Amino acid sequence: MMTKTMEAAELPLNTIIAQDCVEAMNALPAGSVDLIFADPPYNLQLKSELHRPDNSKVDAVDDHWDQFDSFKAYDKFTREWLAAARRLLKPHGAIWVIGSYHNVFRMGAELQNQGYWILNDVVWRKSNPMPNFRGKRLTNAHETLIWASKSEGAKYTFNYEALKSLNEGIQMRSDWVLPICTGHERLKDSNGDKAHPTQKPESLLHRVLVGTTNPGDVVLDPFFGTGTTGAVAKMLGRNFIGIEREAAYREVAERRLSRVRRLDRSSLQVSTSKRAEPRVPFGQLVERGMLRPGEVLTSPRGKTAKVRADGTLVAAEVTGSIHQVGAALEGAPSCNGWTYWMYKSDGKQMPIDVLRQQIRAEMN
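Read on for an overview of the structure. Because the structure is a prediction, the values reported are computed rather than measured.

The rules behind each value
- Residues numbered from 1 in each chain as written.
- Predicted model: local features only at pLDDT ≥ 70, side-chain atom pairs only at ≥ 80, totals over all residues.
- Heavy atoms only, no water.
- Helix = DSSP H or I, 4+ residues; strand = E, 2+ residues; numbered from the N terminus.
- Buried < 20%, exposed > 50% of the residue type's maximum accessible area, 1.4 Å probe, protein only.
- Contact = heavy atoms within 4.5 Å.
- Core = buried A, V, L, I, M, F, W, Y, C linked by side-chain atoms within 4.5 Å.
- Salt bridge = Lys/Arg side-chain N within 4 Å of Asp/Glu carboxyl O.
- Phe/Tyr/Trp six-rings, centres within 6.5 Å; stacked < 30°, edge-to-face > 60°.
- Lys NZ or Arg CZ within 6 Å of the ring centre and 35° of its normal.
- Pairing = 2+ DSSP bridges.
- Axes fitted to C-alpha atoms, helices over the stretch in contact; angles between N-to-C directions.
- Parallel < 35°, antiparallel > 145°, perpendicular 65-115°, else oblique.
- Left-handed = near helix turned anticlockwise from the far one by under 90°.
- Nonpolar A, V, L, I, M, F, W, Y, C, P; charged D, E, K, R; others polar.

## Remarks on the overall build of the protein
In step 1: Of the regular secondary structure elements, the protein holds 11 helices and 15 strands.
In step 2: Taking all 364 residues of the protein together, 44% fall into the buried category.
In step 3: Sequence-distant contacts in the protein: of pairs separated by 6 or more residues, those separated by 24 or more amount to 65%.

## Quick look at unusual backbone geometry
In step 1: A positive phi angle is found at Asn-14, which is not glycine, with a value near 60°.
In step 2: Mapped onto the elements, Asn-14 comes out in the loop between strand E1 (3-4) and strand E2 (15-17).
In step 3: Phi at Asp-346 is positive, roughly 55°, even though this residue is not glycine.
In step 4: For Asp-346, the position within the fold is in the loop between strand E14 (342-345) and strand E15 (348-351).
In step 5: Classification of Asp-346 by relative accessible area gives exposed; the value is 78%.

## Describing the environment of Leu-187
In step 1: Here Leu-187 lies in the loop between strand E7 (175-178) and helix H5 (202-212).
In step 2: Since its relative accessible area comes to 13%, Leu-187 is described here as buried.
In step 3: Residues Leu-187 and Arg-256 lie 69 residues apart in sequence; the distance between their C-alpha atoms is 8.8 Å.

## With respect to the nonpolar core
In step 1: Ranked by internal contacts, the top residues of the largest apolar core, which has 31 residues, are Trp-96, Leu-145, Trp-176, Leu-204, Val-208 and Leu-209.
In step 2: Ranked by size, the runner-up nonpolar core spans 30 residues in total, among them Ile-17, Val-33, Trp-81 and Ala-84.

## Looking at the environment of Leu-291
In step 1: Position of Leu-291 among the secondary structure elements: in the loop between helix H8 (282-287) and strand E10 (296-298).
In step 2: The exposure class of Leu-291 is buried, given its relative accessible area of 0%.
In step 3: In this structure the C-alpha to C-alpha distance between Leu-291 and Arg-308, which are 17 residues apart in sequence, comes to 9.8 Å.
In step 4: Beyond its immediate chain neighbours, meaning those up to four positions away, Leu-291 contacts Phe-282, Leu-285, Val-286, Leu-297, Tyr-343, Ile-352 and Leu-355.

## Remarks on the pattern of salt bridges
In step 1: Evaluated as defined, the whole model comprises 12 salt bridges.
In step 2: Here Arg-301 makes a salt bridge to Glu-330, at a shortest N to O gap of 2.6 Å. Remark: Glu-330 occurs in helix H9 (residues 322-330) and Arg-301 occurs in the loop between E10 and strand E11 (304-307); sequence separation between them is 29 residues.
In step 3: For Arg-301, a relative accessible area of 61% corresponds to the exposed category.

## As for the packing of aromatic side chains
In step 1: Throughout the structure, instances matching the rule amount to 11 aromatic pairs.
In step 2: Ring centres 6.1 Å apart and planes at 65° place the aromatic pair Phe-158 and Tyr-160 in the edge-to-face group.
In step 3: Residue classification places Phe-158 among the partly exposed positions, given a relative accessible area of 39%.
In step 4: Positioned above the aromatic ring of Tyr-116, the side-chain terminus of Arg-86 is 5.8 Å from the ring centre.

## Focus on the pairing of strand E6 (residues 142-149)
In step 1: Among the eight residues of E6, seven are classified as buried, and the element is accordingly described as predominantly covered.
In step 2: As paired elements, strand E5 (residues 117-126) and E6 share eight bridges and run antiparallel to each other. Each residue of the ladder has a partner; that of Ile-118, found in E6, is Ala-148.

## Examining the packing of H5 against helix H6 (residues 228-235)
In step 1: Between H5 and H6, the shortest axis-to-axis distance is 9 Å and the interhelical angle comes to 55°. One element, H5, and the other, H6, form an angle in the oblique class. The chirality of how H5 crosses H6 is right-handed. Note on element contacts: H6 touches H5 through Thr-228, Thr-229, Ala-231, Val-232, Ala-233 and Met-235, opposite Glu-202, Leu-205, His-206 and Leu-209.
In step 2: Residue composition of the contact of H5 with H6, grouped by class: six nonpolar, three polar and one charged.

## Description of the packing of helix H2 (residues 71-88) against helix H3 (residues 104-113)
In step 1: The N-to-C vectors of H2 and H3 enclose an angle of 45°; their axes lie 10 Å apart at closest approach. Judged by the angle between their axes, H2 and H3 are oblique. Viewed along their axes, H2 and H3 form a crossing whose handedness is right-handed. Seen from H2, the contacting residues are Phe-71, Tyr-74, Asp-75, Thr-78, Arg-79, Trp-81 and Leu-82; seen from H3, they are Arg-106, Met-107, Glu-110 and Leu-111.
In step 2: Of the residues that constitute the contact of H2 with H3, the class distribution is six nonpolar, one polar and four charged.

The analysis is restricted to geometry; functional conclusions fall outside its scope.
Structure representation (structure tokens):
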């Protein structure tokens, strides 16, 4: 692991840049990053110390990096770093930003002002939130993430099937229930205190990176902190670039990253959409002799059609593709012929999709 200060336009993969985030991003080559994950200062505007009912002090965010003179100053800062981030993204790149009610709405407006295209807002509902000790407001039990592409129409990465698999086969929703950092995951400094007050859990970054990046992609975190983004990116076979001006955080992040092992190549593969698989025309099954002209296909309800030499089917007075004929026989607006039609193999009825998968296996 190497910490460096940017002096020339280069792409320092898998390193931490010791510099102000805007200066560092402006020194990197334009259009070079696939995804940005940003967890900027919240601008909490704390006026005094927080205490629990037993009068013990709460380790809240009161660091100098979270303090701004005014909303105007914070908005200027947000405008500058988001502009630098957009310059860095590839044409089909995307960004995730995370914040609390103090700052996320201001970031959302600025994202739209700069031409980003908002794809989703995601509510991270904390399963173990810190209570509201003063008892004057609701417990802040969530943070909001905004996912946006660089521009409208960008072909951003979205691994829909992978996220569905993470969610036990159910489409992933925009409310995520995940715990905050506790126990073994919470990093400590040399005094045994929290190394960073807003350390994000690896589970959150795992979901973001599995869902919206691919192995080998470049992921930039301009507010690197103790390196959660880098640790998960390294484990998942992504390249990271971290930017962090605070030396104490960089030191913790470097130790952390040195202990992370990259997963082997086979472990990095995720479920993909069938739409992404190679297209196989039905006629190719006929050309290769896997099905013969004149062979009869049957449907689950016993309807039949005959295979023709050009890869179409004929049934009664209906001719057309495997999909068209199936839809006509069922009186339906559409039909997936691959799963509708079956052929006989060794005395058993098998879906013709089995033959398509054999060809796809050869292609891969």
